[in-house]
Amino acid sequence: MVSVGLVLGGGGITGASFHFGTLLALEMATGWSPRSADVIVGTSCGSFVAAMIRHGQLDIKTFVGESRTQDAMTDRLRSKVYRKTRPRGFVRWVRSGIVPALKHRPDLSLVLGSPGIYRTDGLVEWVEDSIGADADTWPEDPTVIVAYDLKSRQRAPFGTTALPDVPIKTAVAASSAVPLVFDPVEIEGRWYVDGGVASGTSADLVLAHPEPLDLVIVIAPLASDTKRSGARFYESMFDRVGKTALEAELEMIHQQWPTTDVLVLRPDDDVMKVTRPNPMAIGNAVPAFLTTLGSMDTELARPEVWSILRRHLVAEPV
């Protein structure tokens, strides 16, 4: 039996589209079900996708519901993701973001703990609507949802013994709480934000698996190898940060599991044209999904990619 780890990186609502399109294309091409992964690590939008996979809801209906037009689909997604809130938590922001940042060289950590424009309860409701009562539990199979602890200033891997048991819907909300966009999420007296603050992927967490895996698949919406034509200045910065963190994590995997194959799937230029410059743009979610399906038809067929997939995921004919 082949053992597989699946790492789902952050990337906003269009990143979730990229995950759905990539995973469905992968399943159609190989017959392998992502739900059978031995361990899944999800960060930010990848945490929502991880929850859907573990509960058999990796399908287009989860994304668009009963909508029949793109406008209706966009309105549905907007109602799930963007629910406005009144600004609050300024004292928390001062303590968690401003004061620590001013003690050192001010950087992006200045926004940690800041009040958000939107609440995360829409994300919680989306998980509840999709997987029902299971939203209040945790998957039986190894699943790690990565958030960021504002007090310890470290990543917080829910689903491990390092953190308290929480419903998966709560962990998804915490992992997806992008600073400045969403309010931080409070869990047992501690505040958490998007796990992408620490790393967009946290691929090294698969190393907690008791035995080396045969294959690790990393889907990284914000770690592109190519620069989009006409890209805004900050796009390459985010990609560079994402790639640097991911490369360090992959090196750790290679060092500890030298025989493990690692496959990284990233957006190409066609996908980035619809997922950038704003990964949080709801109107681009459906086009991003459709473009990803076409992109992956080409990507998965590349000899160096298909050879790995055929070796590990494609069942031999009887």
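Note that the structure is predicted; figures quoted are calculated from it, not measured.

Rules and cut-offs
Residues numbered from 1 in each chain as written. Predicted model: local features only at pLDDT ≥ 70, side-chain atom pairs only at ≥ 80, totals over all residues. Heavy atoms only, no water. Helix = DSSP H or I, 4+ residues; strand = E, 2+ residues; numbered from the N terminus. Contact = heavy atoms within 4.5 Å. Areas by Shrake-Rupley, 256 points an atom, 1.4 Å probe, with all protein chains shown as cover. Core = buried A, V, L, I, M, F, W, Y, C linked by side-chain atoms within 4.5 Å. Buried < 20%, exposed > 50% of the residue type's maximum accessible area, 1.4 Å probe, protein only. Expected span 1.5 Å × (residues − 1). Arc of directions from axis to C-beta. 1 Å grid on protein atoms, 1.4 Å probe; cavity = no way out; pocket = protein on both sides within 12 Å on 5 of 7 lines; lining within 4 Å. Points joined across faces, edges and corners; volume = space filled by probe spheres on them. Nonpolar A, V, L, I, M, F, W, Y, C, P; charged D, E, K, R; others polar. Phe/Tyr/Trp six-rings, centres within 6.5 Å; stacked < 30°, edge-to-face > 60°. Salt bridge = Lys/Arg side-chain N within 4 Å of Asp/Glu carboxyl O.

Participant: Please clarify how the overall build of the protein should be interpreted in this entry.
Facilitator: Secondary structure summary: the protein contains 11 helices and 10 strands in total. Considering only intrachain contacts with a sequence separation of at least 6, the fraction spanning at least 24 residues in the protein is 75%. Accessible surface computed for the protein: about 14,500 Å², of which carbon and sulfur atoms make up 55%.

Participant: Just checking my understanding: could you explain the nonpolar core for this structure?
Facilitator: When a protein is soluble and globular, its nonpolar side chains tend to lie buried together. One finds Leu 6, Leu 8, Val 49, Phe 63, Phe 158 and Ile 217 to be the most contacted residues of the largest nonpolar core, which totals 69 residues. Of the residues forming this core, the biggest block, 8 residues, is contributed by helix H1 (residues 12-30). With residues near it in sequence (within four places) discarded, Phe 158 still touches Trp 138, Thr 143, Val 144, Ile 145, Ala 147, Leu 163, Pro 164, Val 166, Ala 171, Ile 187 and Tyr 192. Formed by 20 residues, the second largest nonpolar core is a distinct cluster that contains Val 146, Ala 203, Val 218 and Leu 250.

Participant: Whenever I open this one, helix H4 (residues 70-81) confuses me. Can you help?
Facilitator: Because each turn of an α-helix spans 3.6 residues, side chains separated by three or four positions in sequence point in the same direction. Between its first and last C-alpha, H4 extends 16 Å over 12 residues, near the 16 Å set by a 1.5 Å rise per residue. By the burial criterion, the buried members of H4 are Met 73, Thr 74, Leu 77, Lys 80 and Val 81. All buried residues of H4 lie within an arc of 125 degrees about the axis, which places them on one face of the element. Where H4 is buried, its residues touch H1, helix H3 (60-64), strand S3 (83-84), strand S4 (118-119), helix H6 (121-131) and helix H10 (285-299).

Participant: What am I meant to see in the environment of Val 185 here?
Facilitator: Examined against the element boundaries, Val 185 turns out to sit in strand S7 (residues 185-187). Note on Val 185: relative accessible area 9%, which makes it buried. For Val 185 and Ala 171, which are 14 residues apart along the polypeptide, the C-alpha to C-alpha distance reads 9.0 Å. When neighbours within four sequence positions are excluded, Val 185 is seen to be in contact with Thr 120, Thr 170, Ala 173, Ala 174, Ala 177, Arg 190, Trp 191 and Tyr 192.

Participant: Would you mind showing me how to read the layout of surface pockets here?
Facilitator: Over the atoms, a rolled probe matching the size of one water molecule traces out where space is still vacant. Counted as a void, the second largest pocket has a volume near 220 Å³. As for the second largest pocket, its lining consists of 14 residues, of which Asp 225, Val 264, Arg 266, Glu 299 and Arg 302 are closest to the centre. Contributions of two or more residues to the lining of the second largest pocket are made by strand S10 (261-265) and helix H11 (303-312). Grouping the amino acids of the lining of the second largest pocket by side-chain chemistry returns 6 nonpolar, 2 polar and 6 charged.

Participant: Mind showing me how you'd approach the packing of aromatic side chains here?
Facilitator: Pairs of aromatic rings are described using the distance from one ring centre to the other and the angle between the two planes. As enumerated under the stated definition, the model contains 5 aromatic pairs in all. The interplanar angle of 35 degrees and the centroid separation of 4.3 Å between the aromatic rings of Phe 48 and Trp 126 together place this pair among those described as tilted. Residue Phe 48 is located in helix H2 (residues 45-54), and its partner Trp 126 is located in helix H6; the two are separated by 78 residues in the primary sequence. Just as Phe 48 is buried, Trp 126 falls in that class too. Relative to Phe 182, the ring of Tyr 118 has its centre 6.2 Å away and its plane inclined at 55 degrees; by these criteria the two rings are tilted. Of the two residues, Tyr 118 is situated in strand S4 and Phe 182 in the loop between helix H7 (168-175) and S7; the sequence distance between them amounts to 64 residues. Ring-pair connections join several aromatic residues into one group, and the members of that group are Tyr 82, Tyr 118 and Phe 182.

Participant: Help me out: how do you make sense of the pattern of salt bridges in this one?
Facilitator: As a working rule, side chains carrying opposite charge can pair if their charged atoms are close by. Applying the stated rule across the entire model yields 14 salt bridges. A salt bridge links Arg 78 to Asp 75; its shortest N-O distance comes to 3.3 Å. Of this pair, Arg 78 and Asp 75 both sit in helix H4, 3 residues apart, which is roughly one turn of that helix. Residue class for Arg 78 comes out partly exposed when judged on its relative accessible area of 37%. Among the salt bridges present, the one from Asp 269 reaches Lys 273, with a minimum N-O distance of 3.8 Å. Linking Asp 269 with Lys 273, this pair stays in helix H9 (residues 269-275), spanning 4 residues, or about one helical turn. Residue Asp 269 is classed as partly exposed on the basis of its relative accessible area of 25%. When its relative accessible area of 48% is taken as the criterion, Lys 273 is described as partly exposed.

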